[in-house]
Amino acid sequence: TAPRVFLLNPLPPPNRSNEPPSVVLLAPADAPYHDGDPVVLTASASDADGAVAMVQFSAGSQVLGSVARPPYSLVWSNVPAGTHTLSATAFDHLG
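Residues numbered from 1 in each chain as written. Predicted model: local features only at pLDDT ≥ 70, side-chain atom pairs only at ≥ 80, totals over all residues. Heavy atoms only, no water.

A. A look at the sheet that holds strand β4 (residues 62-67). Spatially, 3 strands are ordered β4-β3-β6 in an open sheet, and the strand pairing comes out antiparallel. If you trace the sheet from one side to the other, it starts and ends with β4 and β6 (86-92), each paired once. Looking at each pair of strands side by side, their axes are set apart by 25° on average, direction ignored. The sheet contact formed by strand β3 (residues 52-59) and β6 spans 7 bridges and is antiparallel. (Pairing = 2+ DSSP bridges. Helix = DSSP H or I, 4+ residues; strand = E, 2+ residues; numbered from the N terminus. Axes fitted to C-alpha atoms, helices over the stretch in contact; angles between N-to-C directions.)

Here it is, written out as structure tokens:
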């Protein structure tokens, strides 16, 4: 029998660069929330030359979690009081 080959982290073909995926944080709305309210984070992501592997959600430097398949949505529970800077980062099939 022929050997099986699995490409877990494929490299781009020679002389071809990998374009990073794009991501847009769609929610939450810029509005006040009450203490104890869960906050739903939602993002849209795409990759012009490959596939989106995951979207990571953060509050400042704290990673809240990641989602591997669309819809890219995460519920943030036990949100501490204060003002938070939220972000989403997309990673493609090449990392």
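B. Molecular detail of the layout of surface pockets. If you add up the space inside the largest pocket, you get close to 420 Å³. As for the largest pocket, its lining consists of 19 residues, of which A31, Y33, V39, G82 and H84 are closest to the centre. Looking at the lining of the largest pocket, its residues break down into 12 nonpolar, 4 polar and 3 charged. (1 Å grid on protein atoms, 1.4 Å probe; cavity = no way out; pocket = protein on both sides within 12 Å on 5 of 7 lines; lining within 4 Å. Points joined across faces, edges and corners; volume = space filled by probe spheres on them. Nonpolar A, V, L, I, M, F, W, Y, C, P; charged D, E, K, R; others polar.)

C. Summary view of the sheet that holds strand β2 (residues 39-46). With antiparallel pairing, 3 strands are arranged side by side in an open sheet as β1-β2-β5. The sheet is open, and its two edges are formed by β1 (22-27) and β5 (72-76), each paired on a single side. Going from strand to strand, the sheet's axes swing by 25° on average, the running direction of each strand aside. Sheet topology places β1 next to β2; 5 bridges connect them, and they run antiparallel. Among the inter-strand pairings, V23 is bridged to a residue of β2, identified as A45.

D. View of the environment of L86. Positionally, L86 belongs in strand β6. Residue class for L86 comes out partly exposed when judged on its relative accessible area of 23%. For the pair L86 and A27, spaced 59 residues apart in sequence, the C-alpha to C-alpha distance is 9.6 Å. In this structure L86 touches L25, P28, L41, S58, A59 and W76, once residues within four positions along its chain are discounted. (Buried < 20%, exposed > 50% of the residue type's maximum accessible area, 1.4 Å probe, protein only. Contact = heavy atoms within 4.5 Å.)

E. Seen up close, unusual backbone geometry. Going from A27 to P28, the amide bond is cis rather than trans, its omega being 25°. Locating P28 in the fold gives a position in the loop between β1 and β2. In this structure, P71 follows P70 across a cis peptide bond, with omega equal to 0°. Residue placement: P71 occurs in the loop between β4 and β5. Its identity as a non-glycine residue notwithstanding, N78 has a phi of 55°, on the positive side. Mapped onto the fold, N78 is located in the loop between β5 and β6. Take N78: its relative accessible area is 70%, and that puts it in the exposed class.

Nothing here speaks to function; it is geometry throughout.
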